[in-house]
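Fold and geometry: a report
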Amino acid sequence: MRSRSNSGVRLDYYQRIVHRLILAHQEPVTGLFPASNVNSHAWIRDNVYCILAVWGLSMAYKKIADQDEDRAKCYELEQSCVKLMRGLLMAMMNQKDKVEKFKMTQSPYDSLHAKYSSKNGLPVVGDNEWGHLQIDAVSLYLLILAQMTASGLQIVFSLDEVSFIQNLVFYIESAYSIPDYGIWERGDKTNHGEPELNASSIGMAKAALEAMNELDLFGARGGPASVIHVLADEAHKCQAVLQSMLPRESNSKELDSGLLCVIGFPAFAVDDAQLIHNTKDAILSRLQGKYGCKRFLRDGYRTPKEDPSRLYYERWELRMFENIECEWPLFYCYLILFHAFQSDKRAVEEYASRLEKIMVRSEDGILLVPESYAVPQDLVGFEYQKPGSQTREVVGRCPFLWGQSLFILGRLLQEGFLAVGELDPLNRRLGAQKKPDVVVQVVIIAEDNEIRDKLAEHDLHVQTIAEVAPIEVQPARVLSHLYTYLGRNRKLGLSGRKSRDVGILSTSKLYSLKDRIFAFTPQFADLSRFYIASDNELMIDILKGEINFLKSAWDLLGRPLVTLVLKRIHLDQDKIPLAMIQTMRKLKSGYINGTRVMLGSLKDFLNTSAITDLSFLGSTEDGYPDRLHPDVQTYLDEHLLRSFSNRSTMNLRGGQLRPRTLRRRMSCKGAIKKTRSINVDSDNLGMEGPSPLTERRLSSIVPPPWLQANKQSHVSVFATTPEEGPTSSPLNLGNELIRENIYPVDPHHSRSAIDRRSEFVRQQEMPKILIQRHRAETNFADTEVEELIAMLRETENLEEQGDILQYLVDTQGLDFNTGMLEEGRVVTVRDLLKGLYEKACQQKLWGLVRHTAGMLGKRVEDLAKAVTDLLVRQKQVTVGMPPNNEYTITAPLPEVELRQLIHDAYGDDESTAMLTQELMVYLAMFIRTEPQLFHEMLRLRVGLIIQVMAKELSRTLNCDGEEASEHLLNLSPFEMKNLLYHILSGKEFAVSSVARGNLSIVSCKSSRVSKKSQIGLGDPEGEDALIATIDDRQGQWLRRRRLDGALNRVPRDFYSRVWTVLEKCQGLAIEGRVLQQSLTQEMTPGELKFALEVETALNQIPQPEYRQLVVEALMVLTLVTEHNMVPSLGGIIYVEHLVHKANQLFLEDQRKVQGDATLCCAKIKDGKEQQQAASGMLLCGGAAYICQHLYDSAPSGSYGTMTYMSRAVALVLDCVPKHGEMECAIS
């Protein structure tokens, strides 16, 4: 204990300052702080920051309370904190209907308000008159509420308030996917009121979720009912997105000083010490000035160039704010706290002395923190010339209470009145320290004794579901249902948790409910969800991925526990699949893919696992907290009986129909095949012009042969459009139609098939014909259908059944009554399809599975979640086949809209639409586990990826495009994911054939292609190596360019370097789109919005390899600007001209040295050749009139593409000097 004289006197001094500067402004009725003497609005964020100094001072008094009046002062300060926190709570509880609505809509207009009246806590501006949606403010409130409660303050008084706060947790839990207006209330920095994803909001939400988890809001006196529950997966998603964004703040702000509160006090939201360091360094190097830090680059707020008469900025104005942005002393206060928590005394002293120099002294000698410093109007010119040279003046409020409060906290820490642990009783500051390795516990349970005995044969001893009692094992969907009761409150009209998703972190705990204990199987093992769950190898692969994920993401008490149930459905011809046995042996060994695991039984792990109490399921509101809520009781009773019983599949055979003579077996053959739209053969994917595109048939444009006998037949297959009426259709073209049924696909082949058919028909000068997919009534003679159904019964071959059903769906619709009866119920085509789908799943006929799943409109359960996972990590997704039918998804969409979008993009091609959904799920898995695969890729074009996958298969299998796309659609989900992985990582692969015609993808060890695409790669191999591998290397660079182009991969810092080129010319034209120089006025080089503009222009190019050459040409231009060879590049540069010029130079050289290209493009032209060239075809099949051999040249070397590009730049651009010596080194 220090003597009273010094420390007590010093604290009394701080108490006077806090009283005079902060508490004097606190409104006596609501406890809120007005923004200033003239503005009575109270912002949530500013109010919470203001009170921190009061809280800190109260804890300092608590420590030295050697006299009664110190205890009194301590209590008085504490109660001021309680008063303010409760004032904000009341203001928010008045808007409880908004909280309820927001859980569903997540619309900015349904959000809690960002500011209230400090007089009465009521709203002060309308829902749409302000950027109210600021997740970071609500999150900051919850975080500080948790810290204060942990420090011993009692803020929450009743269980109704507990329910409300539980709902606030739901309000912020999807922060990782909700664009908001952020810490500066601006959204996009042009201030047009567009919200965007902000790293500072996501970080604050993550901190609040972690701080709130399992927190008792009644402190030491509470019981189970006052505990807040958070699903750990939601906090982890916020963390993953935050880590992928930092040091970027949002799409329009490439950096923001506001991130200091996320990497340090109060949030401590980042676990990776290196990332914290990088973010802080980026802020200091680019935003720090003499008077504090700028908020973000080109921030026009309160600068002399800002037009105060309007709220928003014009896009071209932003450039004017460069270098004259206001500097905020507030950030020095954050930096002092940041370093105090790192106990770096030197840095603390440095920033404290900097801060003191720029503080303002009041009349009574108190140091005040001003809001910001601006350049005076008359000195702007000098500041532009030499940034940081001019003296600035104070603008805004002084004292700025947010900054003042943090300054006082810093002082209390510096003088030793507070220890850092007291400001962080929940120990969030320790998050970035190294954690011990996680051991993942795995329990395998057999569905019944038979499976248990089969496992025992392999020396694997497990228990059955019956034997693990009293512990009950349930699927994840039960847990997700139970969580919907969390936070329900009738009095407040709050309905509990809306999201149905429970991740692996939530199912890796045990749950206690009264005296029962539940274990839940993970969500991915839930078979009722989607066909990929019936591929055992894929499930094992996902399991390994999830175990790996638990190793890095688990941070709860106890060890994670993964419970798996082995069921009948998993058996392959009544045997346990080999892959499963191998995996279990691996688990038994104690390590799997570098993660420590323990295989055991549930009762062994009871003491080491995390256990959560589901006490919120009690009927607290009815006064029976010890009894289960009646709805929960009935749900559990019903569910415990049902959850693991099998459904019986429909049987197609048997029934009341007598089989007819089957002379018409072939009439439907190939119905499924005709719907495919993956286009591989054409070397130029999606190219214009009469190129040799694959010929495809479109299903059901041709009446089947048996219909020709009947003159009226056409009407049955085609329904004419209403306005023409059936009579006017001169459809006596039956026979011609049959000959016409094979027609080349037009280059726009990805519009919906219906448009295409009608277009083809119009060319025949016939009335417009539409095929109606879902028709109940039909003029089709019933006998035909009966015969088809009889055929359906006869045939054992599932492929044939598929073709028949495809035909029935096309002609009759899904809900057509087949006339069969199954247990007294009518059987529709849909029921037959379902039966076929389940059989195909069992027999692993994946092509058929994908197609029937598409026809049944099945959806990937996690589709919306997968797309969100990609989008929030700043990757946009496009679906559909380029170039004419690509849809870009830029913001998270609801499941229904997504499926509609994908359906529109592929028309009738159900298989590819299904495959697209499947690939999106795999891409999301990879971006979660291996984000490095996606570096330097901004848009994932799923349609192009599918085409490239088919192309790679046709290359490795040496087959034509049609076969390759059949092979692709028949790959098992596991192999599909594997192939996608090889394509993403650029690894070479080979295809080996396995039993039953399935293919397996294996890595080639000798991958000569480096993983990262870097322009100007030298080739390490000598002459001898070259001769040996000549065959293998043919086509290697072409393939690599094609892959990089399809994946949209670009070299490092590509976009910011294009920005520098754009600054020096009037524009860049790519494929008819011009990037204007004015973009540099609006956007900064590192801004994501700029990168997306460039990306959109590049995506106009349909052929991936050509796109890649354009990227190389842009790189050469950046070299020209970076070496400052010329002051300006002149007018608009047409980038394709450079590529074509380089091609000409290449062909000239080839003629001189008699290279390979003399066989195609460099041939001396005769008449026949010229005709071909005019019709748009090159002999070698090179895309976009560029010789195939140029695509296949390495970038470096004397015949390398970079050499030709540089020569082209020198020839085409007028500004490059034509004579004289010039230093030209291309690295």
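Now for a description of the structure that goes with this document. What you see is a predicted model, and the numbers here were worked out from it, not measured in a lab.

**A few points about the nonpolar core**
In terms of nonpolar packing, the biggest core is built from 150 residues, with Tyr141, Leu142, Leu145, Met212 and Leu406 touching the most fellow members. It is helix H2 (residues 44-63) that contributes the most residues to this core, 13 residues altogether. Beyond its immediate stretch of four places on either side in the chain, leucine 142 contacts Ile165, Leu168, Val169, Ile172, Ala208 and Met212. If you look at the next biggest cluster of nonpolar residues, it comprises 127 residues, including Leu460, Leu564, Leu833 and Val867.

**What about the packing of helix H33 (residues 942-957) against helix H34 (residues 961-970)?**
Direction vectors running N to C along H33 and H34 enclose 110°, while the axes themselves pass 8 Å from each other. Overall, the two elements H33 and H34 adopt an arrangement that is roughly perpendicular. Crossing hand, H33 versus H34: right-handed. Within the contact between the two elements, H33 uses Ile946, Met949, Ala950, Leu953, Ser954 and Leu957 and H34 uses Ala964, His967 and Leu968. When its residues are assigned to classes, the contact of H33 with H34 shows seven nonpolar, two polar and no charged.

**So, the packing of aromatic side chains**
One pass over the structure, following the stated rule, counts 25 aromatic pairs. An angle of 70° between the planes, with centres 6.4 Å apart, marks the rings of phenylalanine 265 and phenylalanine 268 as edge-to-face. The pair formed by phenylalanine 265 and phenylalanine 268 is uniform in burial state, with each residue classed as buried. Both rings, one in phenylalanine 518 and one in phenylalanine 520, keep their centres 6.0 Å apart while their planes meet at 15°; by these two values the pair is stacked. Comparing phenylalanine 518 with phenylalanine 520 shows no difference in burial state: the two are buried. Three or more aromatic residues joined by ring pairs make a cluster, and in this case those are Tyr49, Trp184, Tyr301, Trp328, Phe331, Tyr334, Phe400 and Trp402. Taking the ring centre of tyrosine 312 as reference, the NZ or CZ of arginine 310 above it sits at 5.5 Å. The ring of tyrosine 485 has arginine 488 lying over it, and the distance from NZ or CZ to the ring centre is 4.1 Å.

**Some points on a nonpolar patch on the surface**
On the surface, Val1074, Ile1132 and Tyr1134 cluster together into a nonpolar patch covering about 240 Å² of accessible area. Tracing the backbone through its elements, the reader meets tyrosine 1134 in strand S35 (residues 1130-1134). For tyrosine 1134, a relative accessible area of 42% gives the class partly exposed.

**Observations regarding the pattern of salt bridges**
A complete count under the given rule lists 63 salt bridges for this structure. Across the pair lysine 294 and glutamate 325 runs a salt bridge whose closest N-O atoms are separated by 3.2 Å. Separated by 31 residues along the polypeptide, lysine 294 in the loop between strand S4 (292-293) and helix H11 (330-341) and glutamate 325 in the loop between S4 and H11 bring together distant segments of the chain. The same class applies to lysine 294 and to glutamate 325, which are both buried. Across the pair glutamate 350 and arginine 354 runs a salt bridge whose closest N-O atoms are separated by 3.4 Å. Residue glutamate 350 and its partner arginine 354 are both found in helix H12 (residues 345-358); the two are separated by four residues, about one turn of the helix. By relative accessible area, glutamate 350 is classed as partly exposed at 33%. By sharing partners, the salt bridges in this structure join Asp448, Glu450, Lys454, Arg568 and Asp574 into a single network.

**Points about the sheet that holds strand S11 (residues 471-474)**
In space, the four strands of this open sheet follow the order S11-S15-S14-S19, with mixed pairing throughout. The open sheet has two free edges, formed respectively by S11 and strand S19 (611-613), since each of these has just one partner strand. Ignoring which end each strand starts from, the neighbouring axes of this sheet average 30° apart. In this sheet, strand S15 (residues 516-520) lies alongside S11 in parallel orientation, the contact comprising four bridges. The partner of isoleucine 471 across the bridge, within S15, is isoleucine 517.

**Looking at unusual backbone geometry**
Of the consecutive residues phenylalanine 265 and proline 266, the connecting peptide bond is found in the cis state with omega at 0°. Structurally, the position occupied by proline 266 is in the loop between helix H9 (260-263) and helix H10 (273-287). Residues cysteine 398 and proline 399 are joined by a peptide bond in cis, for which omega reads 5°. With respect to the element layout, proline 399 can be found in the loop between strand S8 (393-395) and helix H14 (401-414). With a phi angle near 65°, arginine 302 is a residue other than glycine that sits in the positive phi range. Note that arginine 302 resides in the loop between S4 and H11. The partly exposed category is assigned to arginine 302, whose relative accessible area is 29%. Although it is not a glycine, asparagine 958 sits at a positive phi angle of roughly 55°. Here asparagine 958 is to be found in the loop between H33 and H34. Looking at asparagine 958, the relative accessible area reads 73%, which means it is exposed.

**Some details on the pairing of strand S21 (residues 624-628)**
If a strand is regular, its side chains alternate between the two faces of the sheet. In the sheet, strand S20 (residues 618-619) pairs with S21 via two bridges, with the strands oriented antiparallel. Residue pairing for S21: serine 619 is matched across the bridge by tyrosine 624. Taking the residues between adjacent antiparallel strands as the criterion, S20 and S21 are bridged by four residues, where glycine 623 takes a positive phi near 85°.

**Quick notes on the packing of helix H30 (residues 863-872) against helix H32 (residues 910-929)**
The description of two packed helices rests on the angle between their axes and on the distance between the axes. Their axes nearest at 8 Å, the elements H30 and H32 cross at an angle of 45°. Taken together, H30 and H32 sit at an angle that is classed as oblique. Of the two possible hands of crossing, H30 and H32 adopt the one that is left-handed. Contact residues: Leu863, Ala866, Val867, Asp869 and Leu870 in H30; Gln917, Met920, Val921, Leu923, Ala924, Ile927 and Arg928 in H32. For the contact of H30 with H32, the residue count by class is nine nonpolar, one polar and two charged.

**What to know about the side chain of asparagine 1143**
Note that asparagine 1143 resides in helix H43 (residues 1135-1153). Among the polar contacts listed, one links the side chain of asparagine 1143 to the backbone oxygen of tyrosine 1185, at a separation of 3.3 Å. Excluding residues within four positions of it along the chain, asparagine 1143 makes contact with Tyr1185, Ile1186, Cys1187 and Leu1190.

Analysis parameters
Residues numbered from 1 in each chain as written. Predicted model: local features only at pLDDT ≥ 70, side-chain atom pairs only at ≥ 80, totals over all residues. Heavy atoms only, no water. Core = buried A, V, L, I, M, F, W, Y, C linked by side-chain atoms within 4.5 Å. Buried < 20%, exposed > 50% of the residue type's maximum accessible area, 1.4 Å probe, protein only. Helix = DSSP H or I, 4+ residues; strand = E, 2+ residues; numbered from the N terminus. Contact = heavy atoms within 4.5 Å. Axes fitted to C-alpha atoms, helices over the stretch in contact; angles between N-to-C directions. Parallel < 35°, antiparallel > 145°, perpendicular 65-115°, else oblique. Left-handed = near helix turned anticlockwise from the far one by under 90°. Nonpolar A, V, L, I, M, F, W, Y, C, P; charged D, E, K, R; others polar. Phe/Tyr/Trp six-rings, centres within 6.5 Å; stacked < 30°, edge-to-face > 60°. Lys NZ or Arg CZ within 6 Å of the ring centre and 35° of its normal. Patch = residues over 30% accessible without salt bridge, like charges linked within 9 Å, V, L, I, M, F, W, Y side chains within 5 Å. Areas by Shrake-Rupley, 256 points an atom, 1.4 Å probe, with all protein chains shown as cover. Salt bridge = Lys/Arg side-chain N within 4 Å of Asp/Glu carboxyl O. Pairing = 2+ DSSP bridges. Polar contact = N/O pair within 3.5 Å; in protein donor to acceptor, adjacent residues only side chain to side chain.

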